[in-house]
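This is what each chain is made of:
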Amino acid sequence: MSRFPVAAHALGELRWVIFWFGLGLGIYGAGMVWLFPLFEDYLTEVAATYPQEILDLFGGADMTTPQGYITLEYQSFAVLVLIIYAVVAATGQLAGEEGRGTLEGLLAQPITRSRLMLEKASAVLAGAVLICAIISLGWLASAPFVDLRGELTLLDLIGATFGALPVMLFFAALGFLLGAIAPSRGAAAALVVAFAVASYIAASLAQAIEPISWMRYLSAYHYSDAARWLTEGPSPWYQAGLVAAGLVIYALATLCFEQREIAARTWQFRLLRRKR
Amino acid sequence: MTAAIEIRELVKDYGRVHALRGINLRVETGEIFGFVGPNGAGKSTTIRVMLDLIRPTSGSATVFGQDCQRDSVLARRLIGYLPSSPVFPPRMSANDVFAHIAAVRGEHLDEAYRDELTRRLRLDSTRSVDTLSRGNRQKVGLIQALLPRPPLLILDEPTTGLDPLIQAEVEDILREAKARGTTVFFSSHILEEVEHICTRAAIVREGRIVDVFDLAEQRRLAPIHVEVTFGQAPRAGAFDGLGEGVRLLSLAGRRATFEVHGSIDGLVKRLAAHTVDHLVARETTLEELFIQHYRGDEPAEASS
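Residues numbered from 1 in each chain as written. Chains lettered and ligands numbered in written order. Predicted model: local features only at pLDDT ≥ 70, side-chain atom pairs only at ≥ 80, totals over all residues. Heavy atoms only, no water.

### Topic: the overall build of chain B
Helices and strands together make up the secondary structure of chain B, namely 10 helices and 14 strands. Projected onto the principal axes, the alpha-carbon positions of chain B cover approximately 75 × 45 × 35 Å. Residues classed as buried in chain B amount to 51% of the 304 residues present. With an accessible surface of roughly 13,700 Å², chain B has 49% of that area assigned to carbon and sulfur atoms. Looking at chain B, you have 38 positive and 42 negative side-chain charges, and the mean spots of the two groups are 2 Å apart. (Helix = DSSP H or I, 4+ residues; strand = E, 2+ residues; numbered from the N terminus. Buried < 20%, exposed > 50% of the residue type's maximum accessible area, 1.4 Å probe, protein only. Areas by Shrake-Rupley, 256 points an atom, 1.4 Å probe, with all protein chains shown as cover. Lys, Arg positive; Asp, Glu negative; His and termini not counted. Charge placed at Lys NZ, Arg CZ, Asp CG, Glu CD.)

### Topic: the overall build of chain A
What chain A contains, in helices and strands, is 10 helices and zero strands. Against the globule reference of 19 Å for 276 residues, chain A gives a C-alpha radius of gyration of 20 Å, in line with a compact fold. Judged by the C-alpha coordinates and their principal axes, chain A covers about 65 × 45 × 30 Å. Burial statistics for chain A: of 276 residues in total, 51% are counted as buried. Partitioning the contacts of chain A with sequence separation of at least 6, the portion at a separation of at least 24 is 73%. (Rg over C-alpha atoms; globule rule 2.2 N^0.38 Å. Contact = heavy atoms within 4.5 Å.)

### Section: the sheet that holds strand 2 (residues 17-27) of chain B
All names here are of chain B. In space, the four strands of this open sheet follow the order 2-1-4-5, with antiparallel pairing throughout. A single partner strand is all that each edge strand has here, and the edge strands are strand 2 and strand 5 (66-67). The pairing of strand 1 (residues 5-14) with strand 2 spans eight bridges and is antiparallel. In the sheet register, Glu6 faces strand 2, and the bridge partner there is Arg26. This element, helix 1 (residues 43-50), spans strand 1, strand 2 and strand 4 (58-63) of the sheet and lies at about 110 degrees to strand 1. (Pairing = 2+ DSSP bridges. Axes fitted to C-alpha atoms, helices over the stretch in contact; angles between N-to-C directions.)

### Quick word on the sheet that holds strand 10 (residues 208-214) of chain B
Residue and element names in this part refer to chain B. What the six strands build is an open sheet, ordered 6-7-8-3-9-10; its pairing is mixed. If you trace the sheet from one side to the other, it starts and ends with strand 6 (79-82) and strand 10, each paired once. Each strand axis lies, on average, 15 degrees off the axis of its neighbour in the sheet, ignoring direction. One ladder, built from four bridges, connects strand 6 with strand 7 (residues 152-156); its direction is parallel. Its bridge partner lying in strand 7, Gly80 is registered against Leu153. Helix 1 rests against strand 3 (32-36), strand 6, strand 7, strand 8 (183-188) and strand 9 (200-205) of the sheet, and its axis sits at about 145 degrees to strand 8.

### Regarding the side chain of Gln109(A)
Secondary-structure assignment places Gln109(A) in the loop between helix 4 (102-107) and helix 5 (113-140). Within the structure, Gln109(A) has its side chain in polar contact with the side chain of Arg105(B) (distance 2.8 Å). Each residue touching Gln109(A), except ones within four places of it in the same chain, is listed here: Arg76(B), Ile101(B), Val104(B), Arg105(B) and Gln144(B). (Polar contact = N/O pair within 3.5 Å; in protein donor to acceptor, adjacent residues only side chain to side chain.)

### Here's the deal with the packing of helix 3 (residues 66-100) of chain A against helix 7 (residues 165-181) of chain A
All names here are of chain A. Two numbers describe how helix 3 lies on helix 7: the axes approach to 8 Å, and their chain directions differ by 30 degrees. As far as their axial angle goes, helix 7 and helix 3 are roughly parallel. Helix 7 is crossed by helix 3, and the crossing has right-handed handedness. Together, Val79, Leu82, Ile83, Tyr85, Ala86, Val87, Ala90, Thr91, Gln93, Leu94 and Ala95 of helix 3 and Val167, Met168, Phe171, Ala172, Gly175, Phe176, Gly179 and Ala180 of helix 7 make up the contact between the two elements. A breakdown of the residues in the contact of helix 3 with helix 7 according to their chemical character gives 15 nonpolar, four polar and no charged. (Parallel < 35°, antiparallel > 145°, perpendicular 65-115°, else oblique. Left-handed = near helix turned anticlockwise from the far one by under 90°. Nonpolar A, V, L, I, M, F, W, Y, C, P; charged D, E, K, R; others polar.)

### Digging into unusual backbone geometry
You will see that Arg149(A), though not glycine, has its phi angle at about 60 degrees, which is positive. Relative to the helices and strands, Arg149(A) resides in the loop between helix 5 and helix 6 (154-162). By relative accessible area, Arg149(A) is classed as partly exposed at 35%. The phi angle at Asp52(B) is positive, at roughly 60 degrees, despite the residue not being glycine. Relative to the elements of secondary structure, Asp52(B) occurs in the loop between helix 1 and strand 4. Take Asp52(B): its relative accessible area is 3%, and that puts it in the buried class.

### Observations regarding the interface of chain B and chain A
On the side of chain A, 25 residues touch chain B, which itself brings 33 residues to the contact. Buried surface at the junction of chain B and chain A, both sides included, amounts to about 2,600 Å², of which 53% is carbon and sulfur. For the pair chain B and chain A, the number of links is two salt bridges. Here Glu261(A) and Lys12(B) are joined by a salt bridge, their closest N and O atoms 2.7 Å apart. Linking chain B with chain A are 13 residue pairs in polar contact (both at pLDDT 80 or more). Elements that contribute at least two residues to the side of chain B that touches chain A include exactly strand 1, strand 4, helix 2 (72-77) and helix 3 (94-105) of chain B. With six residues, helix 3 of chain B is the single largest residue contributor to the side of chain B that touches chain A. (Buried area = accessible area lost by both parts, 1.4 Å probe. Salt bridge = Lys/Arg side-chain N within 4 Å of Asp/Glu carboxyl O.)

### As for a nonpolar patch on the surface
All names here are of chain A. On the surface, Val197, Ile201, Leu205 and Ile209 cluster together to form a nonpolar patch covering roughly 270 Å² of accessible area. Residue placement: Ile209 occurs in the loop between helix 8 (185-208) and helix 9 (229-232). For Ile209, a relative accessible area of 37% gives the class partly exposed. (Patch = residues over 30% accessible without salt bridge, like charges linked within 9 Å, V, L, I, M, F, W, Y side chains within 5 Å.)

### Here we look at the pattern of salt bridges
Residue and element names in this part refer to chain B. As enumerated under the stated definition, the model contains 28 salt bridges over all chains in all. In this structure, the salt-bridge partner of Glu6 is Arg26, at a minimum N-O distance of 3.4 Å. Here Glu6 is found in strand 1, whereas its partner Arg26 is found in strand 2, with 20 residues between them in sequence. For Arg205, the salt bridge is made with Glu206, and the minimal N-O distance between the two is 4.0 Å.

### Things to note about the confidence of the model for chain B
Residue and element names in this part refer to chain B. For chain B, the average pLDDT comes to 91, and 96% of its residues sit at 70 or higher. Within chain B, strand 6 carries the highest mean pLDDT (98), whereas helix 10 (residues 286-295) carries the lowest (70). For residues 297-304, every residue scores under 50 in pLDDT, and the model assigns this stretch 19 contacts once sequence neighbours within four places are set aside. Here the predicted complex scores 0.87 on pTM and 0.88 on ipTM. (pLDDT = per-residue confidence, 0-100.)

### Notes on the pairing of strand 7 of chain B
Residues and elements named next belong to chain B. The buried fraction of strand 7 amounts to five of the five residues, a majority that puts the element mostly inside the structure. The alternating pattern of strand 7 places Leu152, Ile154 and Asp156 on one face and Leu153 and Leu155 on the opposite face, and all of these are buried. Regarding topology, helix 6 (residues 164-179) serves as the crossover connection from strand 7 to the parallel strand 8, and that connection is right-handed. (Right-handed = clockwise from strand over helix to strand, strands pointing away.)

### Remarks on the packing of aromatic side chains
Residues and elements named next belong to chain A. For the structure on display, the rule yields 18 aromatic pairs over all chains. Geometrically, the ring pair formed by Trp16 and Phe19 is edge-to-face, given 5.7 Å between the ring centres and 85 degrees between the ring planes. With Trp16 and Phe19 both in helix 1 (residues 5-49) and three residues apart, this pair spans about one turn of that helix. Between Phe19 and Trp20 the ring centres are 5.0 Å apart and the planes differ by 75 degrees, which places this aromatic pair in the edge-to-face class. Note on Phe19: relative accessible area 32%, which makes it partly exposed. Under the relative-accessibility criterion, Trp20 is labelled exposed at 54%. By way of ring pairs, the aromatic residues Tyr28, Tyr74, Phe77 and Trp139 are connected into one cluster. The ring of Phe257 carries the charged tip of Arg113 above its face, separated from the ring centre by 5.6 Å. (Phe/Tyr/Trp six-rings, centres within 6.5 Å; stacked < 30°, edge-to-face > 60°. Lys NZ or Arg CZ within 6 Å of the ring centre and 35° of its normal.)

Take a look at the structure:
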C-alpha cells in the first residue's frame, strides 16, 4: 500500500502525458542537435541577412553559435511546451477530477483537502522532472556525437532542460489556483494557457522592440531565462523569484480549494471566508 | 447517548435559492433511517454538508459528535458513502478502486469481506469500471462504502439500477450491518424500499423536514384501507352510522372504500349483511403519507 496513494494514482494517470511530452521534446531536441553540422553554414548566412529585430523576436541569440542555435530552434519554444504540460496536468487534478465526478468520492474519504492537493501537486512536479529526464535522454543520444565546437556541453543542455522546472512550478501553481476557483477545467486551462502564451509573446516582443522593452518584466516567461540560459547563463534571482511566486500562488490555491464547494460549477473565490 | 447524526437548523443558500431552510434531524445509533423526498427537496444537499463537500450557510451537522465542518476528517472516517451516481477513476478495475480507497483512508483492505460482498452482489470485480453497466457501477459504489465497515453508512439512492434479486441482497447486507451496530442513513425517493427496510424515516420537502416517523408505530397507528366489491350495488345510506373510527371514503356502484382507525371488527359485521365478492384490506403506505404531505400547500415543520 502506497503511503501517498493520491500522488501515486495521479502520477499513474499522467504517465502517458509525461511520456509523450518527454518523447516529443526529446526527439525534437536531439534532432536539432544532430542537424547542427548540416545547418551550420546556412545559419551564418541567415544571421547575416536577417535584421537583428527579427532575430530578437526569436530570442535574440546569435544563431551561428551552437548555444544560440539551440536557444532559437529549441529552448525558447520547448519551455512554452513544458509550461503547457504544467497547466494541463495541474488543471486536471482538481477541476478535471471535479468535472468528471471523481473528486466527490475522493473527498468523501478521511483526507484533508490540503493533503490531497499536496499529493496531486507532487505528482505534477514529479511528472515535470520525469519529462526533463526523458528529454535529457535525447541530449544523451545526440550531444556527445555531434561537434558543438566545445561551446555547448551535454551538461549545459541538461541544465537548461531542468532549468525549466521553476517556470513549470509557477504555471502549475497558477493551474491549481484557477482549478480551485474556476467553474470548469476548460475555463481554468484556457485562462492559464492564454496567460502563458501572452507571456511568451510579450517577452519576445519586448526583446525586439526597444520602446516596450519594459514589458518583459511583466512576463512570467521572461523570468524563465529560456532565451538566455544557454547563452548568458541563468539568473538565480529570477529562478528563485519564480519558485517563490509559485509557492505563494500555490498557498492561495490551497486556501481557495479549502473553501471550494464541490461540483457547484460556479466561479468561487473564497479566500478569506473562514470555516465556522 | 451520542446520536449517529445530529443536524441543527441547517440552512444552505445558493444566492437567492434556498436549498435547505433549517433542517433539524437526529438519527440514533444503530437504526436504518430513511430520508425521503423528491428530487430537489434537499436530500443530497444535506448529505453533501455532512461530508463537508459544501459548507452550510448556517446551522450545524455532527456525526457521532464530530462536527462535519470543523472536524470533517474525523467525521468522514466514521462514514462510508455511496453517492447517487457513483463515478470512479478511469481504467481501474473494481478491485483497484477498493484498494485505492482503502489506501486513501489509510486502512487495511479486508479482502475476505471484499470477496464476500462481490460474490453476494454478483460483481465481476476484475473488470474495468469503464466497461461496467449502471447497475454494476452501483454495486462497486456500495461495496466501497461497506468495505471499511464504518459505523455510519450514508447511501444516496442505493438501489438505483439494481435488479430485484440484488436489491433484496442489498437489504439483507444492510440488515446485517445494522445487527453489527452500524447506522444506515438511507436517502431515497423509492418509498416502498424505505418502508421495507427502515425503522424510522423523515420526509423532506423544499429544504425542510416536514415529518419524522417511526415506521412500526406508523403501521400501528395508520388507518387501514378496505376496498370491497359487492355482489350487487348497496342501496344509498347502507353504510350510514358506521361507528367510531370507520369512515366510508367512496361508494360507486358495487365498489366501496372504507378507512378504519383501530379495530376492523365493526366494519366486518356491517359488511356481513351484504354479498361480498372481493375484499382487500391494506395498511396506509408511506407513499400515501408522502403524498398527503406533498399535497399540503404550506409545509409544517416537525422535529424529530
